[in-house]
Amino acid sequence: MEYNVTAWETVCAQLTIRAIVWDAGRVKPERLEKELKHSGVQILETDVCKGREEAAESAYEKMIQKLRERNIPKEQALLVTENDSLADYVYSMQHKRDDGNGEQEGAAEAVEDRGAMAVVYYEKEGSRRDVLSDMTVLGFEEIGIQFLDRVHKRANRLPWNILYTERTLVREITMSDLDELYEIYEEKGITDFTDPLFERKKEETYTRDYISCMYYYYGYGMWIIRDRKSGRLIGRAGINHRDEGGQVLMELGYIISTKYQNKGYAAEVCQAIIEYAGQELEIEQLHCFIHRMNQPSIHVAEKLGFVLQDSSYEQNGMLHFRLDLNIG
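Think of each chain on its own: its residues are numbered from 1, step by step along the sequence as written. Predicted model: local features are reported for residues with pLDDT of at least 70 only, side-chain atom pairs are reported and counted for 80 or more only, and whole-chain, interface and lining totals are derived from all residues. Calculated side-chain values reflect all of the structure's heavy atoms, with hydrogen atoms and water omitted.

Here's the deal with the pattern of salt bridges
Heads up, the condition is: What makes a salt bridge here is a side-chain nitrogen of Lys or Arg within 4 Å of a carboxyl oxygen of Asp or Glu, nothing more. A run of H or I in DSSP becomes a helix once it reaches four residues, and a run of E becomes a strand once it reaches two; helices and strands are each numbered from the N terminus.
Tallied over the entire structure, the rule returns 15 salt bridges. Taking the shortest distance from any N to any O, the salt bridge between E268 and R167 comes out at 2.7 Å. Of this pair, E268 sits in helix 8 (residues 265–279) while R167 is found in the loop between strand 8 (161–164) and strand 9 (168–171), placing the two residues 101 residues apart along the sequence. Among the charged side chains, a network of salt bridges with common partners joins R171, D177, E180 and R226.

Below, the structure is given as structure tokens:
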């Protein structure tokens, strides 16, 4: 496999996973083998639980010990296993914590941001289908280190870096982004054509729910944009659902800080999102709903290839634009 150096370095720079505990056969897929070699992620092979369901607890302890010997915390590791009971046991450990006296407490009292070992279950033909895991896979041909790292991030409530452009990073929002986001929404003109943020407590609740429901269930949504050079939050952009006449449309939206407007950031980021939507999400059609007085956004949409739809779609001064994505 040939790697684009810049793209590969970008992928490796965002990895939060440091080790994969492999319990899914001795032969690993060629793609994954090569990516592990180039990424620096360590591989620990084990079959200590194979064929012995009652050994799940002891197998887990042995894995933790192996990780400790390499100075790798369990929250920086991911287990890939074909063993039902081992997957169930390790996944269940994500929902428990030590109370300080060596006793485990239930999920209702678990610390929200506590780290855990993530679990990918390899479901071979004839395997049971109700195994607890962060992800179930039927094969590894299309699975690489970035996929496994994203599973690990989900298990540990860490945001995905969605994509990079020449000047920006687009990633999922976190609670720590809200202060800067409020600063942008307070800038003159930002809310002329879009809704303001909620008051702080309601916005925090909304953001937590959005992360859990939109990102975790669909894998996309509205993301934040950061300047790669300064690290400053410069806006947000992404894909949301919009109900139009009982039909759910995939809507592309964006907001750019006034300090970064008229510099091509909107078109740069939205073009990358369009490509991501087609190639990674397999979305066939994107829509924009823009107020007729918002000429800069109309210009961006037209530059990106969006086409104005029949005037019957106009509602409350909004114009409907559509872009068909060529997939396959």
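What follows continues from the structure just given.
Some details on the nonpolar core
Heads up, the condition is: Within this scheme, the nonpolar core is defined by two criteria: the residues are buried Ala, Val, Leu, Ile, Met, Phe, Trp, Tyr or Cys, and they are joined through side-chain atoms within 4.5 Å. Any residue under 20% of the maximum accessible area for its type is buried, any over 50% is exposed, and the rest in between are partly exposed; the area is computed with a 1.4 Å probe on protein chains only. Working rule for contacts: check all heavy atoms of both residues, and any pair within 4.5 Å makes them a contact.
W223, I239, I273, I274, L286 and F306 are the most contacted members of the largest nonpolar core, which totals 52 residues. When near neighbours in sequence (up to four residues on either side) are disregarded, L286 contacts I239, M250, I274, A277, F306, F321, R322, L323 and L325.

Quick notes on the side chain of E203
Spelled out, the test is: Counted as positive: Lys and Arg. Counted as negative: Asp and Glu, with His and the chain ends omitted from the count.
Relative to the assigned elements, E203 resides in helix 7 (residues 200–218). For the buried E203, which has no salt bridge, the nearest side chain bearing the opposite charge is R236, at an N-O separation of 5.1 Å. If we skip the residues at most four places from it in the chain, E203 touches L178, Y182, L197 and F198.

Section: the packing of helix 3 (residues 56–69) against helix 4 (residues 84–93)
Put simply, the test is: Think of each axis as a best-fit line through the C-alpha atoms, taken over the contacting stretch in the case of a helix, with angles from 0 to 180 degrees between the N-to-C directions. By the definition used in this description, the sense in which the near helix is turned from the far one sets the handedness, with an anticlockwise turn below a right angle giving left-handed and a clockwise turn giving right-handed. Residues are grouped as follows: nonpolar covers Ala, Val, Leu, Ile, Met, Phe, Trp, Tyr, Cys and Pro; charged covers Asp, Glu, Lys and Arg; every other residue, Gly included, is treated as polar.
The interhelical angle for the contact between helix 3 and helix 4, taken along N-to-C directions, is 65°, at an axis separation of 9 Å. Note that helix 3 runs across helix 4; the crossing there is right-handed. Contacts between helix 3 and helix 4 pair A56, E57, A59, Y60 and M63 from the former with S85, L86, Y89, V90 and M93 from the latter. Residue classes in the contact of helix 3 with helix 4 are distributed as eight nonpolar, one polar and one charged.

Quick word on the pairing of strand 6 (residues 118–122)
Quick note on the threshold: Here, a strand pair is defined by DSSP locating no fewer than two bridges between the strands.
Burial of strand 6 is extensive: five of the five residues sit out of reach of the surface. Here strand 6 shows two buried faces, one formed by A118, V120 and Y122 and the other by V119 and Y121. Note that strand 3 (residues 77–81) and strand 6 share four bridges and pair parallel. Counted as the bridge partner of L79 is V119 from strand 6. Both strand 6 and strand 7 (residues 135–137) contribute to a ladder of three bridges, which runs parallel. Each bridged residue has a counterpart across the sheet, and for V120 the counterpart in strand 7 is M135.

Looking at the pairing of strand 15 (residues 318–324)
Extensive coverage of strand 15 is indicated by the burial of five of its seven residues. As judged from the seven bridges shared by strand 13 (residues 285–291) and strand 15, these two strands associate in the antiparallel manner. Looking at strand 15, one finds that H291 is bridged to M318. When strand 14 (residues 307–308) meets strand 15, the two strands line up antiparallel, connected through two bridges. Bridging across to strand 15, V307 finds its partner in R322.

Focus on the sheet that holds strand 1 (residues 19–23)
Reading across from one edge, 2-1-3-6-7 is the order of the five strands in this open sheet, with parallel pairing throughout. Of all the strands in the sheet, just strand 2 (42–45) and strand 7 have a single pairing partner and so form its edges. Ignoring strand direction, the axes of neighbouring strands in this sheet form an average angle of 20°. Sitting on the sheet, helix 5 (residues 145–155) touches strand 1, strand 3, strand 6 and strand 7, and the angle it makes with strand 6 is about 125°.

Quick notes on the packing of helix 2 (residues 30–39) against helix 5
Keep this limit in mind: Each angle receives one of four descriptions, namely roughly parallel if under 35 degrees, roughly antiparallel if over 145, roughly perpendicular if within 65 to 115, and oblique otherwise.
Here helix 2 crosses helix 5 at 75°, and the two axes come no closer than 9 Å. When the interaxial angle is binned, helix 2 and helix 5 end up roughly perpendicular. Counted together, L32, E35, L36 and S39 of helix 2 and I145, Q146 and L148 of helix 5 form the full contact between these two elements.

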